[in-house]
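# Structural description and commentary
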Amino acid sequence: MLSRISHCLRLISPLSTSSICANILRRPATTHFGFQNVDEEEKQKKVNHVFESVAEKYDLMNDAMSFGIHRLWKDCFVRQIMPTDNLRCLDVAGGTGDIAFRISKFSEPIRTQNNEASQPIRSGPHITLCDINPSMMEVGKSRAEKLGLKNISWVEGNAEKLPFEDNTFDLYTIAFGIRNCTHIDKVLTEANRVLRPYGRFFCLEFSRVTNPVLRM
């Protein structure tokens, strides 16, 4: 009996235990990518690859997959925001510019009405679109040029480590993008950092429907 106990103790010696712990700690953390789990280090590479491959057809793909309903969601999203003139807006994961364009266009009737009423000409909101994928932004820049939108700046950057100073923006938006981020807690921390006091955060994203009537 004593020999068996001694054998067991040798199996779980401190050296073996520390080795097991070290192996566990060396295992890469995992996160979600679609309906599968992947290593955290791999997720960003996969996300980049997906968007680089679909950049030119991204907007058409959204129309096809949602039967155009995504346009209604985005319109409703911007109406909830009610962007005004002279607002400093940051659109993160803005891609080809759908939300940024809507924010810019939303204030156009307000500016036109004010100008017709002999009010001082306003510049409208200044929008900074930040995205980690330059291919998506190139498509967006081309669209913005065709639409004549000149109040949008394009900045390549990671939502988890934004290249902006503290307290810079009045408004932060992220639409259908937060799910592609590896560390959502870091994204939210950065959003809080770059927003000015009383700044507003708006996120548009899919979620699980819990109402049994709507799930039918």
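What you see is a predicted model, and the numbers here were worked out from it, not measured in a lab.

### Focus on the nonpolar core
Inside soluble globular proteins, nonpolar side chains tend to come together where they are buried. Core analysis: the largest hydrophobic core is formed by 21 residues, its most contacted members being F77, I103, I152, W154 and L171. The set of elements that each furnish at least two residues to this core consists of α5 (69–81), α6 (98–106), β4 (126–131), α8 (134–147), β5 (152–156), β6 (169–175) and β7 (195–204). Here this core gets 4 residues from one element, more than from any other, and that element is α6. With residues up to four places along the chain from it excluded, the contact list for F77 reads I99, T173, I174, A175, F202, C203 and L204.

### Concerning the confidence of the model for the protein chain
Residues at a pLDDT of 70 or more form 64% of the protein chain, whose mean pLDDT is 78. Low pLDDT (under 50) marks residues 1–17, which in the prediction has 3 contacts with non-local residues, meaning those over four places away or in another chain. Between residues 20–25, whose pLDDT stays under 50, and residues either more than four places distant or in other chains, the model counts 0 contacts.

### Some remarks on the side chain of E190
Positionally, E190 belongs in helix α9 (residues 184–194). Take E190: its relative accessible area is 11%, and that puts it in the buried class. With sequence-adjacent residues up to four places away left out, E190 is seen in contact with A159, E160, K161 and L162.

### Let's talk about the packing of α5 against α6
Interaxial distance between α5 and α6 falls to 10 Å at its minimum, and their mutual angle equals 50°. Accordingly, the angle class assigned to the pair α5 and α6 is oblique. Helix-helix and strand crossings are classified by hand; for α5 and α6 the assignment is right-handed. Across the interface between the two elements, H70, R71, K74, D75, F77, V78 and R79 of α5 pack against D98, I99, R102, I103 and F106 of α6. For the contact of α5 with α6, a count of residues per class yields 5 nonpolar, 1 polar and 6 charged.

### A look at the sheet that holds β4
Backbone hydrogen bonds hold the strands of a sheet together, and the pairing may be parallel or antiparallel. Spatially, 5 strands are ordered β5-β4-β3-β6-β7 in an open sheet, and the strand pairing comes out parallel. The open sheet terminates on both sides in strands that have one partner only, identified here as β5 and β7. Averaged over all neighbouring strand pairs, the angle between strand axes comes to 20°, with direction disregarded. Here β6 pairs with β7 via 6 bridges, running parallel. Bridging across to β7, I174 finds its partner in C203. In the packing of α5 onto the sheet, contacts are made with β6 and β7, and the angle to β7 comes to roughly 160°. Relative to β7, α9 is tilted by about 140°, and along the sheet it contacts β3 (88–92), β6 and β7.

Analysis parameters
Residues numbered from 1 in each chain as written. Predicted model: local features only at pLDDT ≥ 70, side-chain atom pairs only at ≥ 80, totals over all residues. Heavy atoms only, no water. Core = buried A, V, L, I, M, F, W, Y, C linked by side-chain atoms within 4.5 Å. Buried < 20%, exposed > 50% of the residue type's maximum accessible area, 1.4 Å probe, protein only. Helix = DSSP H or I, 4+ residues; strand = E, 2+ residues; numbered from the N terminus. Contact = heavy atoms within 4.5 Å. pLDDT = per-residue confidence, 0-100. Axes fitted to C-alpha atoms, helices over the stretch in contact; angles between N-to-C directions. Parallel < 35°, antiparallel > 145°, perpendicular 65-115°, else oblique. Left-handed = near helix turned anticlockwise from the far one by under 90°. Nonpolar A, V, L, I, M, F, W, Y, C, P; charged D, E, K, R; others polar. Pairing = 2+ DSSP bridges.

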